[in-house]
Amino acid sequence: MKRNTSGFLLSLSALSIAVLAFGDIYLFSKVSIRPGWAGFLPHWLGVSDFIGLCCLAPAALLPERLRSVAAALAKCVALAPLPVLIAYSIDHADAGLWMNLLFNYGWVGLQCLIPATIWFVVRSLVEGVRALAKRAYDR
């Protein structure tokens with residue numbers, strides 16, 4: 001299996017399982033729940049951001065090219081909310097379900113987008129430094 005595919009599949013499965021396991025953190029709620037294990041995190045780092053950074057690491061670090069990193073991160077952010085929304089729709093069957101599902105899909109995607117953006121910026125900086133070092137070495 002190629003590095004691009006393995007990084008994408010690892011990140012997608014890890015993030016989907018995390019979003020499903022911590023649905024109370026990812027789904028929209030008027031009250032933000034901070035689990036007890038998150039006490040070691042700095043207050044500026046949200047629990048969903050920490051989980052996203054950990055789960056999206058393979059998609060950001062395994063692909064060889066920056067374009068593959070962007071594609072893997074975008075697909076992970078787009079597909080990871082689906083399992084928790086399926087579970088949510090099974091538990092909450094009512095008339096306003098579709099609008100609530102769309103809103104929660106956007107909410108979960110937004111929470112996953114922040115760590116994906118951080119990883120993309122870090123990977124872009126690393127690639128830029130590598131390119132500059134290569135140019136300096138070739139001279």
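Provided above is the structure to which this section pertains.
Residues numbered from 1 in each chain as written. Predicted model: local features only at pLDDT ≥ 70, side-chain atom pairs only at ≥ 80, totals over all residues. Heavy atoms only, no water.

(A) Structural detail: the environment of Ile114. Its location among the elements puts Ile114 in helix H7 (residues 97-138). It is 13 Å that separates the C-alpha atoms of Ile114 and Trp44, two residues lying 70 residues apart in sequence. (Helix = DSSP H or I, 4+ residues; strand = E, 2+ residues; numbered from the N terminus.)

(B) Layout of the environment of Ala71. Structurally, the position occupied by Ala71 is in helix H5 (residues 66-79). The spacing of Ala71 and Asp24 is 47 residues in sequence and 28 Å in space, taken between C-alpha atoms.

(C) Spatial organisation of the pattern of salt bridges. A full pass over the atoms with the stated rule returns two salt bridges. A salt bridge links Glu127 to Arg123; the shortest N-O distance between them is 3.1 Å. Of this pair, Glu127 and Arg123 both sit in helix H7, four residues apart, which is roughly one turn of that helix. A salt bridge links Glu127 to Arg130, with the shortest nitrogen-to-oxygen separation between them at 3.3 Å. In this pair, Glu127 and Arg130 both sit in helix H7, three residues apart, roughly one turn of the helix. Because the salt bridges share partners, they merge into one network encompassing Arg123, Glu127 and Arg130. (Salt bridge = Lys/Arg side-chain N within 4 Å of Asp/Glu carboxyl O.)

(D) Quick look at the side chain of Gln111. Position of Gln111 relative to the elements: it lies in helix H7. Using a relative accessible area of 11% as the deciding quantity, one classes Gln111 as buried. Here Gln111 is in contact with Ile25, Tyr26, Ser48 and Asp49, once residues within four sequence places are set aside. (Buried < 20%, exposed > 50% of the residue type's maximum accessible area, 1.4 Å probe, protein only. Contact = heavy atoms within 4.5 Å.)

(E) Representation of helix H6 (residues 82-91). Among the residues of H6, those classed as buried are Val84, Leu85 and Tyr88. Seen along its axis, H6 keeps its buried residues to an arc of 100°; they face one direction. Relative to its buried face, H6 has exposed residues pointing more than 90 degrees away, namely Ile86 and Ile90. Those residues of H6 that are buried lie in contact with helix H1 (3-21), helix H2 (23-26) and H7. (Arc of directions from axis to C-beta.)

(F) Local environment of the nonpolar core. Membership of the largest hydrophobic core comes to 33 residues, with the highest contact counts inside it found for Leu15, Val19, Tyr26, Leu56, Leu73, Val108 and Cys112. When residues of this core are traced back to their parent elements, those giving at least two are H1, H2, helix H3 (47-55), helix H4 (57-61), H5, H6 and H7. Setting aside anything within four residues of it in sequence, one finds Cys112 in contact with Leu15, Val19, Tyr26, Leu56 and Val77. (Core = buried A, V, L, I, M, F, W, Y, C linked by side-chain atoms within 4.5 Å.)

(G) Representation of a nonpolar patch on the surface. A cluster of nonpolar side chains, namely Phe28, Phe103, Trp107, Leu110 and Leu113, defines an oily patch on the protein surface of about 460 Å² accessible area. Its place among the elements puts Leu113 in helix H7. Residue classification places Leu113 among the partly exposed positions, given a relative accessible area of 41%. (Patch = residues over 30% accessible without salt bridge, like charges linked within 9 Å, V, L, I, M, F, W, Y side chains within 5 Å. Areas by Shrake-Rupley, 256 points an atom, 1.4 Å probe, with all protein chains shown as cover.)

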